[in-house]
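Chain residues, written in single-letter form:
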Amino acid sequence: MNYKSTRDSSVCVKSSEAIVKGLSHEGGLFLPESIPTVDAAFVASLAPMSYQERAKKILSLFLTDFTPEEIEYCVTGAYGDNFSSKKIAPVAKLDDKKHILELWHGPTCAFKDMALQILPYLLTTSMKKVGIDKEVVILVATSGDTGKAALEGFKDVEGTKIIVFYPVDGVSRIQKLQMATQDGENVYVASVKGNFDDAQSGVKMIFTNPDCEAKLDENKKAFSSANSINWGRLVPQVVYYFSAYADMLEKGDVTMGEEINVCVPTGNFGNILAAYYAKCMGLPVKKLICASNMNNVLTDFIKTGVYDKNRSFHTTISPSMDILISSNLERLLYLISGDANKVAGYMESLKNEGKYTVEDAIKAVVTENFAGGFCSDDEAKATIGEHKAKFGYTMDTHTAVAVKVYDDYVAATGDLTKTVIASTASPFKFNEAVLTALGEDVSGKDEFELLDALNKASGMEIPQSLNELRVKDVRFTDVYEKTEMIDAVYKFLNI
Ligand SMILES: *Cc1c(COP(=O)(O)O)cnc(C)c1O
């Protein structure tokens, strides 16, 4: 199977090349030229399998230039006892209709781990396959979560090094500790004086500096990024929708062929697009419910066919969804239209005017498959409190957005189809907002006291990776001016 670009119909590469390149030369995103389909027997066969076995089955349908041994190596390296649940992505049943797919049992307690734990293996395997015999140097500027998830993914992965810069005053105390105590022989973390934009523009300057590139090349090294639009981050996400259905089949919560709905708290549109892929492959999915916070550009798009980012930006208690440009939507537009010129036109218009309007035929497919909704911080908090009271289940703020939007959807449509709601973060990651929602007093408590308070209020165990921050040694304390970042890179790489 070959891969195409969303913006140039002449592009044709193998999956390994798509993963190594990340982005097509003209700025388009890679996707497979056709979507592999599966039948009911295939889906049923997943039921008795482990997550790892399910992952091998699904990934090999897309990564057709990988050998079974290569897929095995990637999956085994990614999904093991680094996850706190043997099931990797377990499904919690609240009632007959509401099933919560917990995607946060990885090392950083958020769903980014589902893809970032396997990306390093996919990337290094792909480099070998395309014949690039270089060490990959991952360079990341982070406002918090992605940097930590990338560090955990790439730590001690052979053939890679990872360097993360975070703004000295731009991350929470716990995020800073998570990064400063990072273990692994191939990792380096430093802070940059300034805000996130300073760190990010510093990284961009290093990426595009030709002298720097030449120097790395002489030393058999090459930069890469762990960017969220890489196909290697999207394809692992298709797996857990099949896995959730397989788990429900195994428990007798659905019968084979029974349609489910899927509801996803959405930011960049990656997670929900993976669910759409699963549907197109043949997983019995009826509606995909796209949940947003007050940054509701996607709700409006699904309703009207107009994508318009010219609006005010809201800072919310679900910060990972505070996004006005959902990059992966571009892949959906291509999947529906099959027309690279059309998609390139929409993206040009987004760049120049901040908006585009899709044609009626595209809009019709969008509304047939997707429903959209949004909610406020207060509504999300109320949802956390209500579900704790009713089901004894504590959820984080992002998950709460999805659950509220799902409840609204059911009230508006009367659609009682069993639904899988993606839960994207551990409540401990957003403990202050969650505790407030549960009616607890948070005043004067530091991060660790908040962890203890949530442990008490929820009855849930504190995730080990957050708990051990209390005693872990700080390894990284370097602070740089933006202009010194490049020297820091050379120093760490010893070149
Ligand atoms: C990244 C993230 C999201 C948004 O996922 P997309 O794939 O960007 O739509 C939602 N919740 C959490 C906790 C996240 O980290």
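Each remark here, short or long, concerns the structure printed above.
Given the structure is predicted, the values throughout are model-derived calculations rather than measurements.

### Things to note about the packing of aromatic side chains
Part 1 of the argument: Per the stated rule, a full pass over the model turns up 18 aromatic pairs.
Part 2 of the argument: Each ring, one from Tyr346 and one from Tyr356, has its centre 5.4 Å from the other, and the planes form 20 degrees; the classification is stacked. Of this pair, Tyr346 sits in helix α15 (residues 340-353) while Tyr356 is found in strand β12 (residues 355-357), placing the two residues ten residues apart along the sequence. Tyr356 shares its class with Tyr346; the two are buried.
Part 3 of the argument: Chaining the aromatic ring pairs together yields one cluster made of Tyr3, Phe62, Trp231 and Tyr277.
Part 4 of the argument: Over the aromatic face of Phe66 sits the side chain of Lys129, whose NZ or CZ is 5.5 Å from the ring centroid.
Part 5 of the argument: Its end group placed over the ring of Tyr490, Lys215 keeps NZ or CZ at 4.3 Å from the ring centre.

### Some remarks on the site of the ligand
Part 1 of the argument: Residues in contact with the ligand amount to 14 residues; listed here are only the nearest, Lys112, Gly267, Asn268, Asn271 and Thr424.
Part 2 of the argument: Between the ligand and Lys112 there is a distance of 2.6 Å, counted from an oxygen atom to a side-chain nitrogen or oxygen.
Part 3 of the argument: When the ligand is considered free in solution it has 380 Å² of accessible area, and contact with the protein chains removes 95% of it.
Part 4 of the argument: The residue inventory of the shell around the ligand, partitioned by class, reads five nonpolar, eight polar and one charged.

### Examining the environment of Ala222
Part 1 of the argument: Within the fold, Ala222 resides in strand β8 (residues 221-224).
Part 2 of the argument: Spatially, the C-alpha atom of Ala222 lies 5.8 Å from that of Val137, the residues being 85 residues apart in sequence.
Part 3 of the argument: Once residues lying within four places of it in the same chain are set aside, the contact partners of Ala222 are Lys134, Glu135, Val136, Val137 and Leu216.

### Considering the sheet that holds strand β5 (residues 135-141)
Part 1 of the argument: The parallel open sheet is built from five strands, whose spatial order is β8-β5-β6-β7-β15. The strands lining the two open edges of the sheet, one partner per strand, are β8 and β15 (479-480).
Part 2 of the argument: Summarising the sheet, β5 and β8 pair through four bridges and their orientation is parallel. Bridge pairing links Val136 to Ala222 in β8.
Part 3 of the argument: Relative to the sheet, helix α10 (residues 210-218) contacts β5 and β8, its axis offset from that of β8 by approximately 130 degrees.

### A look at the pairing of strand β7 (residues 187-192)
Part 1 of the argument: Among the six residues of β7, six are classified as buried, and the element is accordingly described as predominantly covered.
Part 2 of the argument: Burial along β7 is two-sided: Val187, Val189 and Ser191 and Tyr188, Ala190 and Val192, pointing in opposite directions, are all buried.
Part 3 of the argument: The pairing of strand β6 (residues 160-167) with β7 spans six bridges and is classified as parallel. Note on β7: the bridge partner recorded for Pro167 is Val192.

### Regarding the sheet that holds strand β4 (residues 98-102)
Part 1 of the argument: Ordered in space as β3-β4-β14-β9-β10-β13, the six strands form an open sheet in which the pairing is mixed. In this open sheet, the two edge strands, each paired with only one partner strand, are β3 (91-93) and β13 (370-374). Averaged over all pairs of adjacent strands, the angle between their axes in this sheet comes to 25 degrees, without regard to strand direction.
Part 2 of the argument: Here β3 runs beside β4; their pairing, made up of three bridges, is antiparallel. Across the sheet, residue Lys93 finds its bridge partner in β4, namely His99.
Part 3 of the argument: Where helix α13 (residues 297-304) meets the sheet, its contacts fall on β10 (285-292) and β13, and the angle it forms with β13 comes to roughly 140 degrees.

### Looking at α10
Residues spaced three or four apart along an α-helix point in a common direction, a consequence of the helix completing one turn every 3.6 residues.
Part 1 of the argument: The N-terminus of α10 is capped by Asn209, whose side-chain oxygen sits 2.9 Å from the backbone nitrogen of Asp211.
Part 2 of the argument: Once α10 finishes, Lys220 follows within two positions and takes phi at roughly 55 degrees, a positive value.

### A few points about unusual backbone geometry
Backbone phi values are negative for most residues with the exception of glycine, while trans is the configuration of most peptide bonds.
Part 1 of the argument: Unlike most non-glycine residues, Lys220 shows phi in positive territory, near 55 degrees.
Part 2 of the argument: Relative to the assigned elements, Lys220 resides in the loop between α10 and β8.
Part 3 of the argument: The backbone of Asn494 sits at a positive phi, close to 65 degrees, despite the residue not being glycine.
Part 4 of the argument: Counting through the fold element by element, Asn494 comes out in the segment after α22 (485-493).
Part 5 of the argument: Using a relative accessible area of 70% as the deciding quantity, one classes Asn494 as exposed.

What counts and what doesn't
Residues numbered from 1 in each chain as written. Predicted model: local features only at pLDDT ≥ 70, side-chain atom pairs only at ≥ 80, totals over all residues. Heavy atoms only, no water. Phe/Tyr/Trp six-rings, centres within 6.5 Å; stacked < 30°, edge-to-face > 60°. Helix = DSSP H or I, 4+ residues; strand = E, 2+ residues; numbered from the N terminus. Buried < 20%, exposed > 50% of the residue type's maximum accessible area, 1.4 Å probe, protein only. Lys NZ or Arg CZ within 6 Å of the ring centre and 35° of its normal. Near = heavy atom within 4 Å. Polar contact = N/O pair within 3.5 Å; in protein donor to acceptor, adjacent residues only side chain to side chain. Areas by Shrake-Rupley, 256 points an atom, 1.4 Å probe, with all protein chains shown as cover. Nonpolar A, V, L, I, M, F, W, Y, C, P; charged D, E, K, R; others polar. Contact = heavy atoms within 4.5 Å. Pairing = 2+ DSSP bridges. Axes fitted to C-alpha atoms, helices over the stretch in contact; angles between N-to-C directions.

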